[in-house]
Amino acid sequence: MPESPSTATEPTGPVTVAEFASAPREHLDAVHRSLIDAVWTDGRARGAALGVARDLVAVFADLDADRQGRAAVVLGLLVDTEYPRSERELTAAVRAGVDTYLAVWRATTKDQPLSLALLYLLGHFPEARDRILDVAIDLGVDDDDLSRLERAVSRLDPANPDLGRAFPYPAAWELDDTERDFDRAWIAALTPEQVQAHWDNDTETVLGHAGAKAYWAVRNGTPTPVVVDSVPPRAPGPLPNDIAGFLRHGAAFHCPSCGRGLAFDETAARCTGCANAYAIDGGIVDFTTTIGDGHDRGSDFLFKLAEMPSMGFFYEAYARPNFLRLCGSNWAAQVLPSDEDGYIAEHVQPVEGPVLDLAAGAGRWTAALAKAVGVQRVVALDLGLPMLSTLRSRLPEIPAVLSSGRSLPFADGSLGAVLCWNALQAFPDDAPAVIAEVGRCLRPGGTFTLLTFRQAPDPVYRHFVWRHHFPQHADGLRLFDYADLRAWLRAAGLRVRHEWRPGTFVVITAEREA
């Protein structure tokens, strides 16, 4: 993440609250980090934590705004170490300052870094919910921050739990009656223990986001508003069952089961070597199951969340731009959609063969890819059917493939280029296998262009990212180590020819070697 402009070195020893309160402004970032290091390590409190918490609460009202914001982050981190067990001594010590925090918060403006830091800290105290929300409303806190705060200070109602709609903020999920019924059905199937666990994970997600925003803000200034560019309709339109794209690229496809070629007709892709057939509907071929052999992945509730018709709209309007801010440390909007478009146009350089958009999502970057290489060359692949429905509704000329990236339904050396944009982190355990498959399928000289994210070098920011819970990150969001990405590319026979690493983004173009 971008660091503050301070050139001061880290203090060489532990920092006391008194030293933090009196440190020269040019040393403040370094002193703040040393104070955190003295009381907190990787989500665990250290021995001095309780004393430092009490001292910070005692002097909080007398600190200047910059120090109050940093102190609020420290206190929030300490309460996090005891979450969700809120009756312990450390949490009680921090809770003792709620009246002070509220009085200070009331004197701020909503976008001030101190205001964001206090919003994060106060989100840990549902017992003061009414007073906290009164101040937030009086300040005119933005809808996204207010929605996270309301969720953070809510108590679980076991008779009517509201689960799974935490990122990027609960108010973003505008559910219709069908979608509410969908939620009630999967929630009703959970045990009380599962309900509590999911509730705790959702609370961690909203607090993690508030913490990441606050921590970035107190070190760098007020974040830039979220940048949203292209948003699809909420409900996908009719999907024509056009198989022209499959016929155009038919020679590149192979059977996922036996590796032989496929013949396409209006209803199926049929293997020329074995008896398998794969259904085609709405211009989407389903390689996740053969005709007559249904597979239900719906037992996993987190995947159920993705199986909604409006997911394409939600992803483009809310999830993707907020995810870039969080995982790319993109709070200052140093990477804009136009920058992403420009990179794709410049660096995707296909040789002969179709160009695959791997994990294409709702089609925003598929459109950029089609503009760069020509719509007739592009094939889109994703494992989310609602995403592909949105994509096909937006881009009816492009054939779509429902499949995992672990076993791409393409022949060896058949693809001219592959794009995987803001997607690899969605299947972290499969990333080495997916990259190996890309290497197998690319022709020599073909490019693999990807955008993903690396772990932040700052352990505090990394902690806030980890507190988010997503379908493939149920135990916390872990991003990639840069060295691992480079190693997986080398192992797949891919040579890096260009890379760009603003913030915690990793944008790479690699070439398939002969």
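Computed from a prediction, not measured in an experiment: that's the story for all the values here. (Residues numbered from 1 in each chain as written. Predicted model: local features only at pLDDT ≥ 70, side-chain atom pairs only at ≥ 80, totals over all residues. Heavy atoms only, no water.)

Undergrad: Help me out: how do you make sense of the environment of G245 in this one?
TA: By the secondary structure assignment, G245 is in helix α12 (residues 244–248). Measuring from C-alpha to C-alpha, the distance between G245 and T16 comes to 66 Å, with 229 residues separating the pair along the chain. (Helix = DSSP H or I, 4+ residues; strand = E, 2+ residues; numbered from the N terminus.)

Undergrad: Just checking my understanding: could you explain helix α3 (residues 49–59) for this structure?
TA: Think of an α-helix as turning once every 3.6 residues; residues three or four places apart then point the same way. Looking at α3, one finds that the buried residues are A49, V52, A53, L56 and V57. Angular distribution of buried residues about the axis of α3 spans 135°; they occupy a single face of the element. The inward-facing, buried residues of α3 contact α1 (17–22), α2 (28–39), β2 (44–45), α4 (65–80), α5 (89–95) and α6 (98–106). (Buried < 20%, exposed > 50% of the residue type's maximum accessible area, 1.4 Å probe, protein only. Arc of directions from axis to C-beta. Contact = heavy atoms within 4.5 Å.)

Undergrad: Where do I start with empty space enclosed by the protein in this structure?
TA: Rolled over the atoms, a probe with the dimensions of a water molecule shows which regions are left empty. Under the criterion given, the structure shown has 5 cavities of 30 Å³ or more. Size it by volume and the largest cavity reaches roughly 120 Å³. Along the wall of the largest cavity there are 15 residues; nearest its centre are V227, P321, N330, V335 and P337. Counting residues per element, the ones that place at least two in the lining of the largest cavity are α14 (311–327) and α15 (337–347). Element by element, the count of residues in the lining of the largest cavity is highest for α14, at 4 residues. Of the residues that constitute the lining of the largest cavity, the class distribution is 10 nonpolar, 1 polar and 4 charged. (1 Å grid on protein atoms, 1.4 Å probe; cavity = no way out; pocket = protein on both sides within 12 Å on 5 of 7 lines; lining within 4 Å. Points joined across faces, edges and corners; volume = space filled by probe spheres on them. Nonpolar A, V, L, I, M, F, W, Y, C, P; charged D, E, K, R; others polar.)

Undergrad: How do you make sense of the packing of aromatic side chains when you look at a structure like this?
TA: Under the definition given, this model contains 22 aromatic pairs. Plain terms: the ring middles of Y215 and F464 are 6.3 Å apart, the flat faces sit at 55° to each other, and that makes the pair tilted. With a gap of 249 residues between them, Y215 in helix α11 (residues 192–220) and F464 in helix α19 (residues 459–466) connect regions that are remote in the sequence. Summarising the burial analysis for this pair, Y215 and F464 share the class buried. The interplanar angle of 45° and the centroid separation of 5.3 Å between the aromatic rings of F453 and F505 together place this pair among those described as tilted. Highlighted residues: F453 in strand β11 (residues 442–453) and F505 in strand β13 (residues 505–512), separated in sequence by 52 residues. (Phe/Tyr/Trp six-rings, centres within 6.5 Å; stacked < 30°, edge-to-face > 60°.)

Undergrad: Help me understand the layout of surface pockets in this model?
TA: Taken as a whole, the second largest pocket spans an internal volume of roughly 550 Å³. In terms of lining, the second largest pocket is formed by 23 residues, of which the most central are N160, P161, D162, L163 and I187. Of all elements in the fold, only α9 (143–152), α10 (177–188) and α11 reach the threshold of two or more residues within the lining of the second largest pocket. The greatest single-element share of the lining of the second largest pocket, amounting to 5 residues, is contributed by α10. Class assignment of the residues belonging to the lining of the second largest pocket gives a composition of 9 nonpolar, 4 polar and 10 charged.

Undergrad: Which parts of the structure should I look at to understand the sheet that holds strand β12 (residues 494–500)?
TA: Paired through backbone hydrogen bonds, the strands of a sheet run either parallel or antiparallel to each other. Read across the sheet, 11 strands follow the order β3-β4-β5-β6-β9-β8-β7-β10-β11-β13-β12 without closing on themselves; strand pairing throughout is mixed. Either end of the sheet is taken by a strand with one partner, and the two such strands are β3 (262–264) and β12. On average, each strand axis in the sheet is tilted by 20° relative to the strand beside it, whichever way the strands run. Where strand β7 (residues 355–358) meets strand β8 (residues 378–382), 4 bridges bridge the pair, whose relative direction is parallel. Counterpart to V355 in the pairing with β8 is V378. Sheet strands in contact with helix α18 (residues 431–441) are β7, β10 (415–421), β11, β12 and β13, and its direction is about 155° off that of β11. (Pairing = 2+ DSSP bridges. Axes fitted to C-alpha atoms, helices over the stretch in contact; angles between N-to-C directions.)

Undergrad: Just checking my understanding: could you explain the pairing of β13 for this structure?
TA: On a regular strand, one side chain projects to one face of the sheet and the next to the other, so that they alternate. Of all 8 residues in β13, 6 are buried, a share of seventy percent or more. Where β11 meets β13, 7 bridges bridge the pair, whose relative direction is antiparallel. The residue bridging F453 from the neighbouring strand is F505, located in β13. Bridging between β12 and β13 involves 6 bridges; their strand directions are antiparallel. Residue V496 lies in a different strand from β13, and its bridge partner there is A510. In sequence, β12 turns back onto β13 through a hairpin of 4 residues, with G503 there showing a positive phi of about 55°.

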